[in-house]
Amino acid sequence: MTATLKASRTKAAWVQEWAEVVAQTGDHDVYKLTLRAPEIARRAVAGQFVEVRPVAGRGSAAVDPLLRRPFSICEIRPDEGIITLIYRVVGRGTAVMASVTAGQELNVMGPLGHSFPDPATGRGMLVLVGGGLGIPPMVAAAARARAEAPDRCVTAILGARHVGFLAGAEELAATGVPAAIMTDDGSAGHQGFVTAPLKELLDAAGAGCEVWACGPEGMLMAVKELCRAAGAPCFVSVERHMACGFGACIGCTVPKSGEPGFWKACQDGPVFLAEEVELGG
Ligand SMILES: Cc1cc2nc3c(=O)[nH]c(=O)nc-3n(C[C@H](O)[C@H](O)[C@H](O)COP(=O)(O)OP(=O)(O)OC[C@H]3O[C@@H](n4cnc5c(N)ncnc54)[C@H](O)[C@@H]3O)c2cc1C
């Protein structure tokens, strides 16, 4: 079973593309960026990410910030050549990106890393768990599951500190996948953590569930432990700090589980079978 699940993740050859900014909208310091990046949209699979040079424009001499920033792909529309990203302003790079307007161009590399597995080859109920800025990749995952495994039962559990940080929840609802909403302060959905409804599902269906999760590493550790106890296969997307995005800088290592050595989150992940990685290390 494990070998099949491992093998079904996708890793495509990446390209570098000048992407036209079609739209940028935002509030609560959370922005949605819609990009026309036809080649990346054609190749991308849910769970993969892009590296964006925050400074806009082909002729720009600006080099601050120098390094690209990684973002999960939220929506993939190959027919229109469109991808969307949802991101929160946390520092210099994202602040510069937030100032970019429609019609400008951003240099984007992708799709990078391994995707979530093929939803059509998995078994049982598929449970998508997204915490905070781990929600955006779950939108693409939900859309893929609906399109490619229409007969499979798919459900989502989304959580955030506050309603303002539930970015991507509307996009996920638009895929038709039902979602339970949890917030730390009760400002939307139910008050509490995503692990509460996940435990209920796992208590009821156990190994009959397959779980895909993305979010803060503490959340991933708790999800991994619940799945291990229930005997349910679990895939986690590990969003470690990274620079290059394709394995050269070795800035995003994650300890292997049960054996010495490290994975590179950018190249071997960001999606891993949870039992393969030592989270929190
Ligand atoms: C594969 C991958 C996918 C990602 N997808 C998304 C996404 O969909 N939406 C989104 O908003 N963010 C996402 N991130 C995080 C995003 O890349 C960072 O927030 C961004 O690079 C910060 O750049 P900055 O220059 O604004 O901030 P910096 O000045 O670089 O950092 C500001 C603060 O954010 C912290 N920080 C930076 N990167 C991370 C990280 N990876 N994990 C935890 N803390 C970090 C820094 O320690 C610092 O405290 C993703 C990261 C990875 C590796």
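The written sequence of each chain sets the order in which its residues are numbered from 1. Given that the model is predicted, a residue must reach a pLDDT of at least 70 before its local features are reported, and side-chain atom pairs must reach 80 or more before they are shown or counted; all residues, however, enter totals for whole chains, interfaces and linings.

Describe the site of the ligand, naming the residues involved and giving the relevant values.
By definition, a residue lies near a molecule or strand when the C-beta atom built from its backbone is within 6 Å of it. Taken together, 21 residues form the shell around the ligand, and within it Tyr 87, Gly 91, Gly 93, Thr 94 and Glu 239 come nearest. Counting from the N terminus, the helices are the DSSP runs of H or I reaching at least four residues and the strands are the DSSP runs of E reaching at least two. The set of elements that each furnish at least two residues to the shell around the ligand consists of strand 4 (69-72), strand 6 (82-88) and helix 3 (92-98). It is strand 4 that provides the largest number of residues to the shell around the ligand, a total of four residues. Three categories are distinguished: nonpolar for Ala, Val, Leu, Ile, Met, Phe, Trp, Tyr, Cys and Pro, charged for Asp, Glu, Lys and Arg, and polar for the others, with Gly belonging to the last. Residue classes in the shell around the ligand are distributed as eleven nonpolar, five polar and five charged.

Summarise the sheet that holds strand 11 (residues 190-191); cite the residues concerned and give the values.
Strands are treated as partners if at least two bridges between them are detected by DSSP. As summarised here, the arrangement of the seven strands in space is 11-10-9-8-12-13-16, forming an open sheet in which the pairing is mixed. Single-partner strands in this sheet number two, and they are strand 11 and strand 16 (271-273). Of the pairings in the sheet, the one linking strand 10 (residues 179-183) to strand 11 comprises two bridges and is parallel in character. When the sheet's bridge partners are listed, Met 182 is paired in strand 11 with His 190.

Report on helix 7 (residues 217-230), specifying residues and quantitative values.
Structural remark: α-helix, 3.6 residues per turn; residues separated by three or four positions point the same way. Multiply 1.5 Å by the residue count of a helix minus one, and that product is the helix's expected span. An ideal rise of 1.5 Å per residue puts 20 Å on 14 residues; helix 7 measures up with 20 Å between its terminal C-alpha atoms. Once C-beta atoms are placed from the backbone, each residue is buried if 20 or more other C-beta atoms lie within 10 Å of its own, exposed if 12 or fewer, and partly exposed for counts between those two. Every buried residue of helix 7 is listed here: Met 219, Leu 220, Ala 222, Val 223, Lys 224, Leu 226, Cys 227 and Ala 230.

Before we move on, can you summarise unusual backbone geometry with the specific residues and values?
In this structure, Pro 111 follows Gly 110 across a cis peptide bond, with omega equal to -5 degrees. Within the secondary structure layout, Pro 111 lies in strand 7 (residues 105-112). A cis amide bond, omega 5 degrees, links Gly 269 with the succeeding residue Pro 270. Looking at the secondary structure, you find Pro 270 in the loop between strand 15 (262-264) and strand 16. The backbone of Ile 250 sits at a positive phi, close to 55 degrees, despite the residue not being glycine. With respect to the element layout, Ile 250 can be found in the loop between strand 13 (234-237) and strand 14 (253-255). Given 13 C-beta atoms within a 10 Å radius, Ile 250 is considered partly exposed.

Just give me the short version of the environment of Glu 278, but keep the residues and values in it.
Within the secondary structure, Glu 278 is located in the segment after strand 16. Taking the C-beta count within 10 Å as the criterion, Glu 278 has 14 such neighbours and is therefore assigned partly exposed. Note: C-alpha distance between Glu 278 and Trp 14 (264 residues apart in sequence) is 27 Å. What counts as a contact is two residues whose backbone-derived C-beta atoms lie within 7 Å of each other. Among all residues touching Glu 278, those that are not within four sequence positions of it are Pro 255, Lys 256 and Ser 257.

Could you give an account of the domain arrangement of the chain, naming the residues involved and the relevant values?
Residue ranges assigned to the domains are those given by an automatic or database domain assignment. Examined at the domain level, the chain breaks down into domain 1 (7-112) and domain 2 (116-237). Placing a centre on the C-alpha atoms of domain 1 and another on those of domain 2 gives a separation of 24 Å. The partner domain 2 presents 18 residues to the 14 residues of domain 1 that form the contact. Contributing elements (two or more residues each) for the side of domain 1 that touches domain 2: strand 5 (75-77) and strand 6. In terms of residues, the side of domain 1 that touches domain 2 owes the most to one element, strand 6, which gives three residues. The class makeup of the residues in the side of domain 1 that touches domain 2 is seven nonpolar, four polar and three charged.

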